[in-house]
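In case you want the letters, here they are:
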Amino acid sequence: GGMNEEDTPFYFESFVEDAPLILDRIQRLSEVKNRKPAVYKEINQVLEKYQEQSHLLDPHIDAITEPLLIYVKQCMASPAPEDLSFLHDVLLILWTLIKVRGPKTMVNHLTNEVADLEPCLQWLELYSQSGANSVNVPWESRYVMLLWLSQLVRVPFNLSYIDARVEGQPSLAQRLIRLAQQTLADTGSTRDMAAFLLARLLTRPGLLAETTFFVKE
């Protein structure tokens with residue numbers, strides 16, 4: 001006869017059974033927010049089960065990441081401690097997904113809307129490892145935000161068109177390069193993400209025309 005499930009405890013045929021559970025929990029995160037830490041743990045544990053067969057997640061990745069990124073967008077501009085705490089919980093789920101599926105695959109599943117570029121950059125500038133605000137920011141949160149920024153910098157617009165800067169302030173391109181350069185001084189995984197961000201920035205068509213930053217350095 002065929003093997004029964006007890007014989008193959010570490011092999012999953014698909015993610016289909018776990019998907020509704022995960023999606024239901026994610027949809028309800030905004031209700032539980034910071035009151036039920038067990039929910040986040042449950043989501044992360046289910047995702048981690050697929051470490052060895054992470055391709056099974058592929059058909060479901062967009063359905064998982066889209067609501068999570070909506071939460072990120074809602075919270076990243078808020079200085080309220082409860083929003084920051086919720087943001088880190090949500091980013092940790094995204095980090096688990098990236099850890100299981102790999103950043104090179106996951107980056108393509110992160111949304112790429114031009115309106116998110118500056119808020120994401122601003123958040124990373126505020127919570128950079130060397131900054132005063134970084135004390136309570138887990139490196140996983142910064143890692144995910146750097147990966148998302150690496151996707152956002154691929155927007156098909158000249159950065160100067162979407163730059164809301166005041167005269168005399170550094171340009172969007174200069175700020176992006178500065179953030180990536182500063183983050184290269186990090187210890188650990190965020191440094192790898194800074195290198196990835198820089199590589200994606202520098203392969204942007206016309207970036208050198210958008211900034212004279214390198215000439216001055």
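Model, not experiment: these values are computed from the prediction.

Student: Which residues make up the packing of aromatic side chains, and what values go with them?
Tutor: Aromatic ring pairs are reported here in terms of the distance separating the ring centres and the angle at which the planes meet. Within the structure shown, the criterion is met by 4 aromatic pairs. With a centroid separation of 4.8 Å and an interplanar angle of 45°, the aromatic rings of Trp123 and Tyr127 are classed as tilted. Judged by its relative accessible area of 10%, Tyr127 is buried. Among the aromatic side chains, those forming a connected cluster through ring pairs are Trp95, Trp139 and Tyr143.

Student: How would you explain the nonpolar core if you had to name every residue and give the values?
Tutor: As a rule of thumb, soluble globular proteins bury nonpolar side chains together. The biggest cluster of nonpolar side chains holds 66 residues, and the ones touching the most others in it are Phe15, Leu29 and Leu149. Excluding residues that lie within four positions of it along the chain, Leu149 makes contacts with Leu117, Cys120, Leu121, Leu124, Leu176, Leu179 and Leu197.

Student: Pulling in residues and values, what's your account of the packing of helix α1 (residues 18-27) against helix α4 (residues 61-76)?
Tutor: Between two packed helices, both the angle of their axes relative to each other and the distance between the axes serve to describe the pair. The interhelical angle for the contact between α1 and α4, taken along N-to-C directions, is 10°, at an axis separation of 10 Å. In terms of orientation, α1 lies roughly parallel with respect to α4. Every residue of α4 that contacts α1 at Ile22, Leu23, Ile26 and Gln27 is listed here: Ala63, Ile64, Pro67, Leu68 and Tyr71. Looking at the contact of α1 with α4 residue by residue, the classes come out as 8 nonpolar, 1 polar and no charged.

Student: An account of the confidence of the model for the protein chain is requested, with residue identities and associated values reported.
Tutor: Residues at a pLDDT of 70 or more form 86% of the protein chain, whose mean pLDDT is 85. The low-confidence segment residues 213-217 (pLDDT under 50) makes 10 contacts with residues lying over four places distant or belonging to another chain.

Student: Summarise α1; cite the residues concerned and give the values.
Tutor: Three- or four-residue spacings in an α-helix give side chains the same orientation, since the helix completes a turn every 3.6 residues. Asp18, Ala19, Ile22 and Ile26 are the residues of α1 that are buried. Viewed along the axis of α1, the buried residues span an arc of 100°, placing them on a single side of the element. Packing partners of the buried residues in α1 comprise α2 (29-32), α3 (37-48) and α4.

Student: Account for the pattern of salt bridges, with residues named and values stated.
Tutor: Scanning the entire structure with this criterion turns up 11 salt bridges. Note that Arg175 is salt-bridged to Glu118, the shortest N-O span being 2.5 Å. Of the two residues, Arg175 is situated in helix α9 (residues 172-183) and Glu118 in helix α7 (residues 117-126); the sequence distance between them amounts to 57 residues.

Student: I'd like a description of the environment of Leu56, backed by residues and values.
Tutor: If you trace the backbone, Leu56 turns up in the loop between α3 and α4. When the C-alpha positions of Leu56 and Phe15 are compared, they lie 5.7 Å apart, and in sequence the two are 41 residues distant.

Student: Which residues make up the side chain of His88, and what are the values?
Tutor: Inspection of the secondary structure assignment puts His88 in helix α5 (residues 81-101). Using a relative accessible area of 12% as the deciding quantity, one classes His88 as buried. Residues within four places of His88 in sequence aside, it is in contact with Trp123, Asn136, Val137, Pro138 and Ser141.

Student: With reference to specific residues and values, describe the side chain of Thr96.
Tutor: Position of Thr96 among the secondary structure elements: in helix α5. Thr96 gets classed as buried once you look at its relative accessible area, which sits at 2%.

Rules and cut-offs
- Residues numbered from 1 in each chain as written.
- Predicted model: local features only at pLDDT ≥ 70, side-chain atom pairs only at ≥ 80, totals over all residues.
- Heavy atoms only, no water.
- Phe/Tyr/Trp six-rings, centres within 6.5 Å; stacked < 30°, edge-to-face > 60°.
- Buried < 20%, exposed > 50% of the residue type's maximum accessible area, 1.4 Å probe, protein only.
- Core = buried A, V, L, I, M, F, W, Y, C linked by side-chain atoms within 4.5 Å.
- Contact = heavy atoms within 4.5 Å.
- Axes fitted to C-alpha atoms, helices over the stretch in contact; angles between N-to-C directions.
- Helix = DSSP H or I, 4+ residues; strand = E, 2+ residues; numbered from the N terminus.
- Parallel < 35°, antiparallel > 145°, perpendicular 65-115°, else oblique.
- Nonpolar A, V, L, I, M, F, W, Y, C, P; charged D, E, K, R; others polar.
- pLDDT = per-residue confidence, 0-100.
- Arc of directions from axis to C-beta.
- Salt bridge = Lys/Arg side-chain N within 4 Å of Asp/Glu carboxyl O.

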